[in-house]
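Okay, here's what each chain looks like letter by letter:
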Amino acid sequence: MSVNTRGSLALEIDAEQLVASLVVDGAVLDDKMILQHATPGFSRRFGTSGPAGHSLLDLVSSGDERAQIARLSDALNAQHKVPTGDEAFSAAKLKGQDHMVLSGGTSAKQEAFPPADYLEISLVRPAMDVRISPLTAAGGAVYGYLVQEIPDIGISNMPEQNARRVAPKARASAHRILSQLANAYWESNPGTGAFTASEFWYKLRGNPVGDKGIEEHEAWSVRVHPEDRPALFDYQRKLQAGKADFVPFIYRERHAKGHWMTILCKGAVIERDAEGAVVRVAGTDADITASHSAEEYIRDIARLEQRWLIAAEYGQLGLWDNDEAAGTRYVSETWRSMRGYGPDDAFDESREGLAARTHPDDRAALERQIEATVNGDADIVFQEYRERHRDGRWISILSRGRVIARDSQGRASRIIGIDTDITEIKAASEKIFRMSRRLEIAIQATSVGIWDADLAKGEVVWDERMMEIYGLDLPPGPIPEGYWEQVIHPDDRDSVLSQSSEVEAGKIAFADDYRVVRPDGTVRYIRSRSTELFNDEIGHGVIGVDWDVTSDVEAAEELRRAHALARNRNVELEQARNEMEKNALHDALTELPNRRYLDQQMKALFGQEQKVAMMQLDLDRFKQINDTLGHATGDVVLRRVAKVMTDLVPETATVARVGGDEFVVFFEEAPDSNSLEKIAGMIVDELHLPFEVEGKICRFGVSIGIAVGQLPSQTPDEVFENADMALYEAKNSGRGRSVFFSDRMRIAVEEKRLLADAFLGGLERDEFFCVYQPQFKAGSLQMSSVEALVRWRRPDGTVELPYVFLALAEELGVVDRVDQRVLDQVLSDQDLWFSLGLPVPRVSVNVSARRLADPQLPLRLDNLDIQPGRIAFELLETVFLDTQNPVIAANIAAIRAMGIELEIDDFGTGHASIVGMLQLQPDRLKIDQQIVRPLTLSKKQETLVRSIIEIGRMHDIDVIAEGVETGDHVRLLTEMGCNYLQGYGLGLPMSEVDLREGLRTGRW
């Protein structure tokens, strides 16, 4: 659209540069308020049709703002009539200039459009706040309007307002930028007359830097061309009044060498005081005499103006300026600080450095934007990307800029822009998006239908979901009259319609659940809620929501049925619970209370004052019944024990099975000792009686430990432990009996514990050694061999005999370690005797059944390199019970193969059997001293000893008699044919030193 006026012609010529000079989005309008040109950002935000040709009044929704625009236009047109001839300007002069042009020979008597004559309004398309200001010619005539977006960062587009808002750091940054340019930069204070300028300002005029003479106004003014002085001084007055900001002015000035220069001057107010008075004016001078046309220098000044505005207005954002031709890049302090760097910190500002800091997912898009801008495919930089902050986190950057110069090949030679840290904005946007998405999903998930009833028109409108709920194949909109009333289930219709009438009368809001019958005959349950609407615009109406709750109703009905079923099963569940509780607290086999039940019962008595009693029972020979008659028979035995105890124990006591063949009787109120002893005696007597199980006779017994305790000085657990100690005493004292706990038992247990600690410590400290008792040939009484006997020398020097610790060693499972210690010393002593040239006798060493059952025994013996015939192993009676053990049998064979002889110890005491002896075929057997000592006192004892010797002779087994203490023993045993004699009467146990001396002298 064009207007046939001089102003329109000027507007067309000047509009492109006006738009290019904007650092914010905006547009240029003609004098009729019609949009002619716009920035790319304004066009994008306007839409696909573009803004050109549209009236500004069409972009404003408020009537008040339309009226303000009209009043502004009328007032300006009345004040500044648009010229129709050549009196104000020509197209050639306007081209490339800004709002006001003053050329040589033109006296601008009219005042230019004052800064206060502008209007700030809100556009609805595109949505933005803008400022409308007039475009005036040299005489002040209005030939168009400039629309600029008002930034939302709090910095005005008006330079005199910006000067008071821009931070000192921003001003300093801008000053540094301007001082580095090729143009001469200057600043002045109208009030004080103070004047400062860059070095180039002086060099431009041919004066020394800092020449005070040229700085004085009078000295400088005489160098201005006389024809240009009036217009220049008028320009200066307007500039100092803030009425010619960024308006270029061309004049002539004499160089120090005498020739005339053509100077292009442009300035602006950059600071005011609190009352609004101008205190700082700044600008630039450029020599356009020789190498540059006015148009080229105006473009240079436009670039300078852009850089100045970006530095001043966007000082709090990140300014960047890429000189692609020179390969240099400037970034502001804010640009660096938003990335975590200070002004003096080392920082890679190259494109490669930027690529390295960019998020991998954004790197390609950013590179495409840069390439498109540099190569001429795009003039605008608008890119959002993520960049690594100095502290390692990712920040979101919005980079906006513009190509302001290209070379002859069209490649960008200079790009200026700003970066904004939008990390928090992105986070807020993401949060809003998630909230919106959740709301959308929630609405979809609820499947709510919305309806609207206009009571005045009698019209009801349903949305798409309502149609689905009621089974109607209709688009959203009004429903047939009376349809809703017809589909309500007959059984619900009266109550629903009655409530609906009260809703129409405005008495209540609708809230009901009811059934409807859809066109296909299916019945659905509907929940409906409403609220009343009434105002002047929409009249009287009701709006509400319905949703299908059929599944909820059916689920509730199913829940009610399940609840009823659950009530019916409560008895069964309670029974099952009781059964589970009983099973948890009772033994399944005997149905007696178990250890858990007993623990709970005892725990309940903590802190009470009463006397309690405890019996602990352990069955004798129960293992043999299980092993020989089977576990089924063992189960029958256990049930019989339970029945006997239940029958004999008072009902007030608790009978419990706490282990395999272990039972407990707990008395919460302890009877007297006589009663306890009587009950225990009856149990022992009854269980001692044999009974038959499937034709097999079972015989077993029971041992009982009894303890009485006084609560709370003692705890039930302590009473339980005391009964256990009494049981141990009963089993050790012969079994088949009951024993009351006494403090002596606790002392014995404590002594045993102390002995065990000392014994194990002795093993660790190597306190065990052996002594030797010689064995002699019967008849000649020559020493033939020795027996190694173990001893324990305590740290205090006390020497303990085997009867003190051997049984404990068996119980602790370390008797094999004692055996090994004795064997190690014997072999060491034999090596010593051999090295001294002494006769090395055969040494008998005791070997326990535990060690004989060790699969690794042959390997360990083989590593000792035992010489054949030097060692004999004395086997205890328990070996004969395990001759069928394949490990023991294999070990005995391996021992024989090594040349180690075998002897049976304690033969004749009842522990060793004749059959076992014949299977083992030992080299010797030893008659126990308990049989030998009374030999001289009884013919029967003599006959017994003679029989044993005869058995040995019949099977080629030598016999050793222990306990030989008198000459009669020697005579009788020799006469009977005994092979070897051993006893205190012939030789006492002696140390290795004494034995060594006997071997040397032959005297014993």
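Here the residue numbering is sequential within each chain, running from 1 through the sequence in written order. Residues qualify for local features only when their pLDDT is at least 70, as the model is predicted, and side-chain atom pairs are given and counted only at 80 or more; totals for whole chains, interfaces and linings, by contrast, use all residues. Computation of side-chain values covers all heavy atoms of the structure but excludes hydrogens and water.

In the annotation of an unreviewed UniProt entry, the entry for the chain reads EAL domain-containing protein, and the organism field reads Pseudooceanicola sediminis.

A. Focus on the overall build of the chain. Across its full length, the chain carries 36 helices and 37 strands. Relative to its 1004 residues, the chain shows a buried fraction of 45%. Residue contacts follow a heavy-atom distance rule, with two residues in contact if any of their heavy atoms lie within 4.5 Å. Considering only contacts within the chain whose residues lie at least 6 apart along the sequence, 57% involve residues at least 24 apart. Computed by Shrake-Rupley with a 1.4 Å probe, the accessible areas treat only the displayed protein chains as cover when residues are assessed. Total accessible area on the chain is roughly 50700 Å²; 51% of this is exposed by carbon and sulfur atoms. Here a helix means four or more residues in a row that DSSP labels H or I, a strand means two or more in a row labelled E, and each is numbered from the N terminus. Any residue under 20% of the maximum accessible area for its type is buried, any over 50% is exposed, and the rest in between are partly exposed; the area is computed with a 1.4 Å probe on protein chains only.

B. Quick look at the nonpolar core. Think of a nonpolar core as a cluster: buried Ala, Val, Leu, Ile, Met, Phe, Trp, Tyr and Cys residues, connected wherever their side-chain atoms sit within 4.5 Å. Phe759, Phe873 and Leu973 are the most contacted members of the largest nonpolar core, which has 66 residues in total. Among the elements that line this core, the one with the most residues is helix α28 (residues 815-835), at 7 residues. Here Phe759 is in contact with Phe768, Trp792, Phe805, Leu808, Ala809, Leu812, Val814 and Val818, once residues within four sequence places are set aside. Of all hydrophobic cores here, the second largest spans 32 residues; its members include Val637, Val641, Val702 and Ile704.

C. Region of interest: the environment of Lys603. In this structure, Lys603 sits in helix α21 (residues 595-603). Separated by 113 residues in sequence, Lys603 and Pro716 place their C-alpha atoms 7.6 Å apart.

D. Representation of the confidence of the model for the chain. The predictor's confidence in any single residue is recorded as pLDDT, a number from 0 to 100. Scored by pLDDT, the chain comes out at a mean of 83, with 84% of its residues at no less than 70. Across residues 82-116 the pLDDT falls below 50, and counting only partners more than four positions away or on other chains, this stretch makes 79 contacts in the model. Scored below 50 in pLDDT, residues 153-182 shows 62 contacts in the model against residues more than four places distant or in partner chains.

E. Main features of the sheet that holds strand β2 (residues 35-38). Paired strands, as defined in this entry, are two strands with at least two bridges between them according to DSSP. Read across the open sheet, the 5 strands follow the order β2-β1-β5-β4-β3; overall the sheet is antiparallel. The open sheet has two edge strands with one neighbour each: β2 and β3 (119-124). Here the strands of the sheet are splayed against their neighbours by 30° on average, with no regard to which way each runs. The pairing of β3 with strand β4 (residues 127-136) spans 6 bridges and is antiparallel. Bridge assignment links Ser122 to a residue of β4, and that residue is Asp129. Each axis is a line fitted through C-alpha atoms, taken for helices only over the stretch in contact, and angles between the N-to-C directions span 0 to 180 degrees.

F. Quick peek at the side chain of Thr373. In this fold, Thr373 is placed in helix α14 (residues 360-375). Apart from the residues within four sequence positions on either side, Thr373 is in contact with Ala378, Ile380, Val381, Val403, Arg406, Ala412 and Ile415.

G. Region of the structure containing the UniProt feature "coiled-coil region" (unreviewed entry) in the chain. UniProt positions are given in the numbering used here, feature names are shortened, and annotations may be inferred rather than shown by experiment. Here, UniProt's "coiled-coil region" (unreviewed entry) annotation points to residues 556-583. Taken end to end, residues 556-583 is 96% helix and 0% strand, and its first and last C-alpha atoms sit 37 Å apart.

H. Local environment of helix α35 (residues 967-976). Here α35 has its buried residues at His969, Val970, Leu972, Leu973 and Met976. Elements in contact with the buried residues of α35: α33 (929-932), α34 (939-954), β36 (958-961) and β37 (980-981). Following α35 by one or two positions, Gly977 adopts a phi angle in the positive range, close to 95°.

I. Focus on the packing of aromatic side chains. Between the rings of Phe, Tyr and Trp (Trp by its six-membered ring), a pair exists once the centres lie within 6.5 Å; its type follows the angle of the planes, with under 30 degrees stacked, over 60 edge-to-face, and the other angles tilted. The full count for this structure, using the stated rule, is 20 aromatic pairs. Their ring planes at 80° and their centres at 6.2 Å tell us that Trp484 and Tyr514 sit as a pair that is edge-to-face. Separated by 30 residues along the polypeptide, Trp484 in helix α17 (residues 483-487) and Tyr514 in strand β19 (residues 511-517) bring together distant segments of the chain. By relative accessible area, Tyr514 is classed as buried at 2%. Measuring from ring centre to ring centre gives 5.2 Å for Phe759 and Phe768, while their planes differ by 75°; the resulting arrangement is edge-to-face.

J. Here's a closer look at a negative patch on the surface. A contiguous patch of negative charge, built from Glu662, Asp717, Glu718, Glu721 and Asp724, is present on the exposed surface. Top contributing element to the negative patch by residue count: helix α25 (residues 716-732), with 4 residues. Examined against the element boundaries, Glu721 turns out to sit in helix α25. Judged by its relative accessible area of 44%, Glu721 falls in the partly exposed class. Note on patches: the residues involved have over 30% relative accessible area and no salt bridge, like charges join within 9 Å, and the nonpolar side chains Val, Leu, Ile, Met, Phe, Trp and Tyr join within 5 Å. Each salt bridge in this description consists of a side-chain nitrogen of Lys or Arg and a carboxyl oxygen of Asp or Glu lying within 4 Å of one another. By the counting rule applied here, Lys and Arg register as positive and Asp and Glu as negative, while His and the ends of each chain are not counted. Charge placement uses NZ in Lys and CZ in Arg. For Asp and Glu, CG and CD serve respectively.

K. Structural detail: the environment of Val790. Of note, Val790 is situated in strand β30 (residues 783-793). For Val790, a relative accessible area of 10% corresponds to the buried category. Between the C-alpha atoms of Val790 and Pro802, which are 12 residues apart in sequence, the distance is 6.5 Å. Not counting residues within four places of it along the chain, the set of residues in contact with Val790 comprises Phe768, Phe769, Cys770, Pro802, Phe805, Val818 and Val822.

L. Spatial organisation of the side chain of Ser500. Residue position: Ser500 is located in helix α18 (residues 490-504). Setting aside chain neighbours within four positions, we find Ser500 in contact with Trp484 and Phe510.

M. Structural view of the pattern of salt bridges. All chains considered together, the criterion is met by 62 salt bridges. With a closest N to O distance of 3.7 Å, Arg971 and Glu975 form a salt bridge. Here Glu975 and Arg971 lie together in helix α35, a separation of 4 residues that amounts to about one turn. With a relative accessible area of 41%, Arg971 lands in the partly exposed category. A salt bridge links Arg996 to Glu992; the shortest N-O distance between them is 2.7 Å. A residue pair is termed a helical-turn pair when its members lie 3 or 4 positions apart in one helix, as Arg996 and Glu992 do in helix α36 (residues 992-1001) at 4 residues.

N. Representation of unusual backbone geometry in the model. Looking along the chain, the bond that leaves Leu711 and enters Pro712 is cis, with omega of 0°. By the secondary structure assignment, Pro712 is in the loop between β27 (701-711) and α25. Backbone geometry at Arg621 places phi at a positive 65°, although glycine is not the residue there. Inspection of the secondary structure puts Arg621 in the loop between β22 (610-620) and α22 (622-629). Classification of Arg621 as partly exposed rests on a relative accessible area of 42%. A positive phi is found at Asp766, a non-glycine position, where the angle reads about 60°. When you line up the elements, Asp766 lands in the loop between α26 (743-765) and β29 (768-777).

O. Layout of the sheet that holds strand β28 (residues 738-740). Here 5 strands make up an open sheet; going across it, the order is β23-β24-β22-β27-β28 and the pairing mixed. On the outer flanks of this sheet lie β23 (654-657) and β28, each paired with one strand and no other. Across the sheet, the mean angle separating the axes of adjacent strands is 20° when strand polarity is ignored. Bridging between β23 and strand β24 (residues 662-667) involves 4 bridges; their strand directions are antiparallel. In the sheet register, Ala656 faces β24, and the bridge partner there is Val664.

P. Spatial organisation of the pairing of strand β14 (residues 394-406). Relative to β14, strand β13 (residues 380-388) runs antiparallel, the two sharing 9 bridges. What sits directly across from Glu384, in β14, is Leu398. Count of turn residues in the β13/β14 antiparallel hairpin: 5 residues, of which Gly392 carries a positive phi of about 100°. Here β14 pairs with strand β15 (residues 412-421) via 9 bridges, running antiparallel. Pairing of Arg400 across the sheet is with Ile418, part of β15. Here β14 folds back onto β15, and the loop between the two strands holds 5 residues, one of which, Gly410, carries a positive phi near 90°.

Q. Examining α25 more closely. By definition here, a helix of n residues has an expected span of 1.5 Å times n minus one. Under the 1.5 Å per step criterion, the end-to-end length of α25 is 25 Å for 17 residues, consistent within 8% with the ideal 24 Å. Among all positions in α25, only Pro716, Val719, Phe720, Asn722, Ala723, Met725, Ala726, Leu727 and Ala730 are buried. On its buried face, α25 is in contact with α21, β22, β24, β27, β28 and α26.

R. Structural view of the packing of helix α23 (residues 631-648) against helix α24 (residues 673-688). At their nearest, the axes of α23 and α24 sit 10 Å apart, and the two run at 145° to each other. Handedness of the α23/α24 crossing: right-handed. Residues Arg640, Val641, Val644, Met645 and Leu648 of α23 touch α24, and the partners they reach there are Ile679, Met682, Ile683, Glu686 and Leu687. Residue polarity follows a fixed list, in which Ala, Val, Leu, Ile, Met, Phe, Trp, Tyr, Cys and Pro are nonpolar, Asp, Glu, Lys and Arg are charged, and the others, Gly among them, are polar. Of the residues that constitute the contact of α23 with α24, the class distribution is 8 nonpolar, no polar and 2 charged. With the far helix as reference, a near helix turned anticlockwise by less than a right angle produces a left-handed crossing, and one turned clockwise produces a right-handed crossing.

S. Focus on the environment of Phe249. Relative to the helices and strands, Phe249 resides in strand β8 (residues 249-254). When its relative accessible area of 1% is taken as the criterion, Phe249 is described as buried. For the pair Phe249 and Lys266, spaced 17 residues apart in sequence, the C-alpha separation works out to 6.3 Å.

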